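Coordinate analysis (summary)
In case you want the letters, here they are:
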Amino acid sequence: MCQNYFAKMFSLLVGLYCRLKQKGIQIGRWLRRFLKNLKKFFWGHETEATPTSDEKLVDTKDQPSPELNEEFYIIHMSVCLPTTYNQLSGSFSTISLNDSQETLCISEGHFPLTTSFTHLGLPNLLFTCYMNAAMQALLTLEKFIDEIYRQKRVWGQHPCSVHFQQILNIVNCQFEPDFKKKNILSDFKQTVADFNKEFSDDDQKDTHEFMICVFDILRSSKSEMQDLSSALNTLYSCPVDAHISFQMINIRTCSGCGSESKNIEDCICLILKLTASDSADGCLREYLKGGCVEFSCNCGSHESSQKAIFKSLPNVLILQLQRFTTQDNNTVKEKRAIYLAPNLEIPKKFCNNATKSVQYSLVSIVSHLGPSLNYGHYICDGVNRQRRQSSESWLTYDDNVVTETPMQDVLYQRRTSAYLLFYERQNSLLKNKPKSV
C-alpha cells in the first residue's frame, strides 16, 4: 500500500518537474534529495503486502536499501510513471536521475521504461478485438505515428480532423483507467462507422478491412489539408502516403509476339496466396514472379505471362496472408503453417531502378485464432519498443491483457494463424517517393 502512495506522489512530482523545467526553473538538487529520503522511508520497512499482477513487491528484510540510479522507477516493483509527449520532436520523455550531476534529466524515447505492460492493453467493447489488434499493430509503427504528430500544425486547424486526434488519444491513453479507454475507443469506432457503415454494428469484422478503412479516412482529407497547409505557408504530408502506400508495376507479356503492356497500381498492402512455399518470403516471391494469364492479343495469341515489380517501396510494408477463401458460398480458413522470419529481403530484380536488395524487419503480426472469419479472435504481437536494446523482446496484445513474449516464440506460435505482417524498412537504397505538398 505504501508503494502505491509513493507511486502516486512520485507521479505528481514528475509532472511538477516537467512543468517547471519548461519554464526554465531548475529544482533538481532539492527534489533529488527529497525523493531519496522518501524512498528510504518507504523501502526501509519490511513489506507484508501480497504481490499483485501490477505490483511485484519484494521482501526487503535483511536487504540493503537500494540506491537510486538512472532507472530508479524499477526498484523492487513495477512503477509505471507518466510520460509527456513532445509535440515538436514527436517523442515521449521519461524522467531519470543523474547522480553525477545531482539533477533530474529527461531521456528521450517513444515509450517509458517499465516492467509492467498491463497499461498498454485496450479493453474489448463488444466483439471489437479486430479493432484492438489493428490499432496495436499501427501503434508499433513509430514513424507513422510520429508523422501524425508532426502534421498536427495543419490538421489541428481543420474542423473535421477528429480522426487524427482520436488516433493520438489511443496512443496517449496508456495510463488511463479502462472506462476512459472504452470511451476513446467507442468514439473512434463511431468515426470509422460514420465513414463506412459496415462497422456500425457490434458484429465481428475483418481486421484487415478495418485497418484499410482507417487508412482511407486519413487519406480522405488530403486535398483539404494541402490547401490548408498552403494558407499556413507550410507543407503537408499524408501519413499514409508518406509511410504506408506504394506503387506496383504490373507487366503483361504476350506469349505469341512478345509485346509488353504495363500499368501502375497504387497499393496499401499486398495480398499473398498461401502457395506451396512454406514461408512468407516465398509467398511474396511467388506473387512477384506471377504466372500465365488468359489474354487475347492482336497477334492471335490467347496466353500471356504476368509479373509485378515495385515502382516505389514504403517505409512500412504490410503483407496480408490470404487465410480466408470462399468455397461453395462458404468462407473457409486456411490453416497452413507458414515459416515467419524476422527479416525480409526484396531482391533488386523486383525493384524498379534498384542497385541492391532492400531489407525489411518484422515489427508486428496480427493473428486470427479460431475456425472461421466469423468465429474467432484477433490478437497482435509487436516488438517491445520499451526494450530498445533488444529486438528479441515482443509483446502480445490480447485486448487488455498484455504479456512479454520472446520473438522466437511468437514466430513459432503464429505459423498457422498469422494474418497481417508489418515490416519496417531498414535501408534507403531506393529513393523515397516524393511526399505530398
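Let us look at the structure shown here. Since the model is a prediction, treat every value here as computed from it, not as a measurement. (Residues numbered from 1 in each chain as written. Predicted model: local features only at pLDDT ≥ 70, side-chain atom pairs only at ≥ 80, totals over all residues. Heavy atoms only, no water.)

This part covers the overall build of the protein chain. Of regular secondary structure, the protein chain possesses 12 helices and 17 strands. The 437 residues of the protein chain split such that 49% are buried. A sequence separation of at least 24 residues applies to 63% of the contacts in the protein chain between residues at least 6 apart. Summed over its atoms, the accessible surface of the protein chain is roughly 21700 Å², and 49% of this surface lies on carbon and sulfur atoms. (Helix = DSSP H or I, 4+ residues; strand = E, 2+ residues; numbered from the N terminus. Buried < 20%, exposed > 50% of the residue type's maximum accessible area, 1.4 Å probe, protein only. Contact = heavy atoms within 4.5 Å. Areas by Shrake-Rupley, 256 points an atom, 1.4 Å probe, with all protein chains shown as cover.)

On to the pattern of salt bridges. A complete count under the given rule lists 11 salt bridges for this structure. Measuring nitrogen to oxygen at the nearest pair gives 3.7 Å for the salt bridge that ties glutamate 176 to lysine 180. Relative accessible area serves as the criterion here: at 32%, glutamate 176 is assigned to the partly exposed category. A salt bridge links aspartate 241 to lysine 222; the nearest nitrogen and oxygen atoms lie 2.8 Å apart. One end of the pair, aspartate 241, is in helix α10 (residues 239–243); the other, lysine 222, is in helix α9 (residues 222–231), with 19 residues separating them in the sequence. Owing to a relative accessible area of 12%, aspartate 241 belongs among the buried residues under this scheme. (Salt bridge = Lys/Arg side-chain N within 4 Å of Asp/Glu carboxyl O.)

So, on to the pairing of strand β14 (residues 377–383). Of all the 7 residues making up β14, 6 are buried; the element is thus mostly covered by neighbouring parts of the structure. Sheet topology places strand β13 (residues 358–369) next to β14; 6 bridges connect them, and they run antiparallel. From the neighbouring strand, isoleucine 365 faces β14, where its bridge partner is aspartate 381. Bridge analysis of β14 against strand β15 (residues 393–398) gives 4 bridges, and the strand direction is antiparallel. Note that in β15 the partner of aspartate 381 across the bridge is threonine 396. (Pairing = 2+ DSSP bridges.)

In this sheet, strand β8 (residues 303–310) lies alongside strand β4 (residues 246–254) in antiparallel orientation, the contact comprising 7 bridges. Of the residues in β8, the one forming a bridge with threonine 253 is serine 305. Across 4 bridges, strand β7 (residues 291–294) lies against β8 in antiparallel orientation. When the bridges of β8 are listed, glycine 291 appears paired with glutamine 306.

Before going further, it helps to spend a moment on the packing of aromatic side chains. Tallied over the entire structure, the rule returns 9 aromatic pairs. Arranged with centres 5.3 Å apart and planes meeting at 15°, the rings of tryptophan 155 and phenylalanine 164 form a pair that is stacked. The buried category is assigned to phenylalanine 164, whose relative accessible area is 0%. Put simply, the rings of Tyr130, Phe188, Phe199 and Phe210 pair up and form one aromatic cluster. Across from the ring centre of tyrosine 412, 3.9 Å away, lies the NZ or CZ of arginine 415, which sits over that ring. (Phe/Tyr/Trp six-rings, centres within 6.5 Å; stacked < 30°, edge-to-face > 60°. Lys NZ or Arg CZ within 6 Å of the ring centre and 35° of its normal.)

At phenylalanine 127, a position not held by glycine, the phi torsion is positive, near 55°. Position of phenylalanine 127 relative to the elements: it lies in the loop between β3 (103–109) and α3 (129–139). You can call phenylalanine 127 partly exposed: its relative accessible area is 49%.

Relative orientation and spacing of two packed helices are given, respectively, by the angle between their axes and the distance between those axes. Contact geometry for helix α6 (residues 162–172) and helix α7 (residues 178–195): axes closest at 10 Å, N-to-C directions at 150°. Of the possible angle classes, the one that applies to α6 and α7 is roughly antiparallel. Handedness of the α6/α7 crossing: left-handed. Contacts from Val162, His163, Gln166, Ile167, Asn169 and Ile170 of α6 reach α7 at Ile184, Leu185, Asp187, Phe188 and Thr191. Residues that form the contact of α6 with α7 fall into these classes: 6 nonpolar, 4 polar and 1 charged. (Axes fitted to C-alpha atoms, helices over the stretch in contact; angles between N-to-C directions. Parallel < 35°, antiparallel > 145°, perpendicular 65-115°, else oblique. Left-handed = near helix turned anticlockwise from the far one by under 90°. Nonpolar A, V, L, I, M, F, W, Y, C, P; charged D, E, K, R; others polar.)

For the rest of this paragraph, the subject is the packing of α3 against helix α8 (residues 207–220). The interhelical angle for the contact between α3 and α8, taken along N-to-C directions, is 55°, at an axis separation of 9 Å. With respect to α8, the axis of α3 lies oblique. Here α3 runs over α8; the crossing is right-handed. Contact residues: α3 offers Tyr130, Met131, Ala134, Met135 and Leu138, while α8 offers Thr207, Phe210, Met211, Val214 and Phe215. The residue inventory of the contact of α3 with α8, partitioned by class, reads 9 nonpolar, 1 polar and no charged.

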